[in-house]
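One-letter residues, chain by chain:
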Amino acid sequence: QNINEYVAALIALKQKMIDGDRLLTEYQQKCTDILYFSISVFTALVYDHFLEISALRCQVEQMLQKILPLEKCQEELGSLKAELEEKKVCL
């Protein structure tokens, strides 16, 4: 009877090991699925932000192109005002 109990205990232990291995495999697959999903979501977010940043960079460059001529005009205006003040003083 001791041998039968021992064999039954070994069989039960073997089944527990098989069940534990199956659970670990399922858990690992779920973790892998979550990881791949997280990476895909993160990648999509990064790509969206990259597009937004690129659009903003283009807007900044366009604004700079508009501002540079205005700065030159302001410099010329400042020079003309200074010249006008000099002529007023001379009169």
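Read on for a plain summary of the structure. Nothing here was measured: the structure is a model prediction, and the numbers come from that model.

## Brief notes about the overall build of the protein
Here is step 1 of the chain: Within the protein, the secondary structure is distributed over 1 helix and 0 strands.
Here is step 2 of the chain: Taken over C-alpha atoms, the radius of gyration comes to 39 Å for the protein, far larger than the 12 Å a tight globule of 91 residues would show.
Here is step 3 of the chain: Over its C-alpha atoms, taken along the principal directions, the protein stretches across nearly 130 × 20 × 5 Å.
Here is step 4 of the chain: Across the 91 residues that make up the protein, the buried fraction comes to 0%.
Here is step 5 of the chain: With an accessible surface of roughly 8,900 Å², the protein has 66% of that area assigned to carbon and sulfur atoms.
Here is step 6 of the chain: When the 10 positive and 14 negative side-chain charges of the protein are each reduced to one mean point, those points stand 2 Å apart.

## So, the pattern of salt bridges
Two side chains with opposite charge may pair up if their charged atoms get near one another.
Here is step 1 of the chain: The final tally for this structure, using the stated rule, is 3 salt bridges.
Here is step 2 of the chain: Put simply, Arg22 and Glu26 hold a salt bridge, and the shortest N to O gap is 3.2 Å. Of this pair, Arg22 and Glu26 both sit in helix 1 (residues 2-90), 4 residues apart, which is roughly one turn of the helix.
Here is step 3 of the chain: Taking the relative accessible area as the measure of exposure, Arg22 reaches 43% and is therefore partly exposed.

## Here we look at a nonpolar patch on the surface
Here is step 1 of the chain: Together, Ile3, Tyr6, Val7, Leu10, Ile11, Leu13 and Met17 line one region of the surface with nonpolar side chains, adding up to about 750 Å² of accessible area.
Here is step 2 of the chain: For Ile3, the position within the fold is in helix 1.

## Side note on the environment of Leu70
Here is step 1 of the chain: Within the secondary structure, Leu70 sits in helix 1.
Here is step 2 of the chain: Distance in space between the C-alpha atoms of Leu70 and Asp19 is 76 Å, their sequence separation being 51 residues.

Conventions we followed
Residues numbered from 1 in each chain as written. Predicted model: local features only at pLDDT ≥ 70, side-chain atom pairs only at ≥ 80, totals over all residues. Heavy atoms only, no water. Helix = DSSP H or I, 4+ residues; strand = E, 2+ residues; numbered from the N terminus. Rg over C-alpha atoms; globule rule 2.2 N^0.38 Å. Buried < 20%, exposed > 50% of the residue type's maximum accessible area, 1.4 Å probe, protein only. Areas by Shrake-Rupley, 256 points an atom, 1.4 Å probe, with all protein chains shown as cover. Lys, Arg positive; Asp, Glu negative; His and termini not counted. Charge placed at Lys NZ, Arg CZ, Asp CG, Glu CD. Salt bridge = Lys/Arg side-chain N within 4 Å of Asp/Glu carboxyl O. Patch = residues over 30% accessible without salt bridge, like charges linked within 9 Å, V, L, I, M, F, W, Y side chains within 5 Å.

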